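Chains, contacts and geometry: an overview
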Amino acid sequence: MTVLQYAILATLTALFFYLILPGAGALWVRRRWRRFRQALFRGASFPLLLSDTSREGWYQLFGRLESLQGEDLLWLDSGAGSVGVCVEDVPLFLFPGRGRSARRPTEPPRPVFWHEMLALAEGTRFYVAGMARQESGQMVFRQRRGVFPLIIIHEGPPQGLLKRVIWAGRQRNEYWNALTPGALTGGFLAQLLIALAALATAPGAALFAIVLALLPVTPLLPPGAGGYYLYRKIWGEARRRRAIRDASRFCGFHRVSARVGARVWLRELTALGILALGMGINSAVIALVLAMTLFAP
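Re the pattern of salt bridges
Opposite charge on two side chains lets them pair, provided their charged atoms get close. Under the definition given, this model contains 14 salt bridges. We note a salt bridge from Glu174 to Arg242, for which the minimum N-O separation is 3.7 Å. Here the residue Glu174 occupies a position in the loop between helix H2 (161-168) and helix H3 (180-199), and Arg242 occupies one in helix H5 (residues 225-250), the gap between them amounting to 68 residues. By the burial criterion, Glu174 is buried, and Arg242 matches it. Here the salt bridges share partners, and the residues they tie into one network are Arg37, Arg170, Arg245, Asp246 and Arg249.

Concerning the nonpolar core
When a protein is soluble and globular, its nonpolar side chains tend to lie buried together. Counting residues in each nonpolar core, the largest one holds 22 residues, and the members touching the most others are Leu92, Phe126, Phe141 and Ile151. Those elements giving two or more residues to this core turn out to be strand S1 (57-69), strand S2 (73-77), strand S3 (82-86), strand S4 (91-95), strand S6 (125-135), strand S7 (138-141) and strand S8 (150-154). Those residues within four positions of Phe141 in sequence are excluded, and the remaining contacts are Leu49, Tyr59, Leu61, Val83, Gly84, Val85, Cys86, Val128, Ala129, Gly130, Met131 and Ala132. Ranked by size, the runner-up nonpolar core spans 19 residues in total, among them Ala10, Leu215, Trp235 and Leu275.

Looking at a nonpolar patch on the surface
A surface patch of nonpolar side chains, amounting to about 680 Å² of accessible area, comprises Leu4, Ile8, Leu12, Leu15, Phe16, Leu19 and Ile20. Its location among the elements puts Leu19 in helix H1 (residues 3-45). In this structure Leu19 comes out as exposed when scored by relative accessible area, which is 52%.

Thresholds, definitions, all that
Counting of residues starts from 1 at the beginning of each chain's written sequence and follows it residue by residue. Local features in a predicted model are, by the rule used here, given only for residues with pLDDT of at least 70; side-chain atom pairs are given and counted only at 80 or more, and totals for whole chains, interfaces and linings are based on all residues. Derived side-chain values reflect all non-hydrogen atoms in the structure, with water molecules and hydrogen atoms excluded from consideration. We count a salt bridge whenever a side-chain nitrogen from Lys or Arg sits within 4 Å of a carboxyl oxygen from Asp or Glu. Comment: elements are numbered from the N terminus, with helices defined as DSSP H or I runs of at least four residues and strands as E runs of at least two. Here the term buried applies to any residue with accessible area under 20% of the maximum for its type, exposed to any over 50%, and partly exposed to those in between, with areas from a 1.4 Å probe on protein chains only. The set of buried Ala, Val, Leu, Ile, Met, Phe, Trp, Tyr and Cys residues whose side-chain atoms join them within 4.5 Å is what this entry labels a nonpolar core. We call two residues contacting when some pair of their heavy atoms lies within 4.5 Å. Patch building starts from residues that exceed 30% relative accessible area and form no salt bridge, then joins like charges within 9 Å and nonpolar side chains (Val, Leu, Ile, Met, Phe, Trp, Tyr) within 5 Å. Each accessible area is a Shrake-Rupley result for a 1.4 Å probe, and residues are judged covered by the shown protein chains and nothing else.

Listed below in structure tokens is the structure:
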């Protein structure tokens, strides 16, 4: 293979492992959290499940854990009676909602399944929204028509809970997802293999592959670390604006939502551009150092 062919191979490998795979995971994560927020919007429109309710329908409920029946049926005290919630194969969202950042939390709710939980204390607060119907004289939330009930286990008062959860219901950085660690590791190893293959016949391409192998760590190195700092700051501001947009829309302030949410995507692109610039500067420095040392003629 020629130098150009090795360089093209290294470039395509970097695009696949460092951009396409984590990017696909990022789109999936953003879509998942968007669906979560949409479920919150729908749940907020449901009527409250009252003590005299006996008709099947879509309801929401604020309650406290009362008891567990069998392996997957929880009974909640709604303040006016007991209501069942079937948690079989249903994701539960843990939302602390306390501390200094309780009003504007930064950490998203953590999804878990019932079998992953060790124990819950009696009186633990729950929010449930979904389809409920009467079973043996009592209302029970269960999966219906392929739709799971939305279940949030939370701390703090129920007042303003949904607004706080909508504010927090988004990934802090979608690029870092379940695919990212494996993709970065695979990209690093693939670039090393390309560098080894090209070393004897195309040392320039081997240098290029090594520089690409180090891409995941280049944002943290000087002098481009300043770009990483600005990237995080601008990206965090864009995330905050998206949170304000959704929370404002939830409260009915549609003009505020539209104004604050305008061109959030432009801020995100600016952040990514600054990050890429910093990585480019660091990669050029690394390439220069390698050319003057390990790859010196």
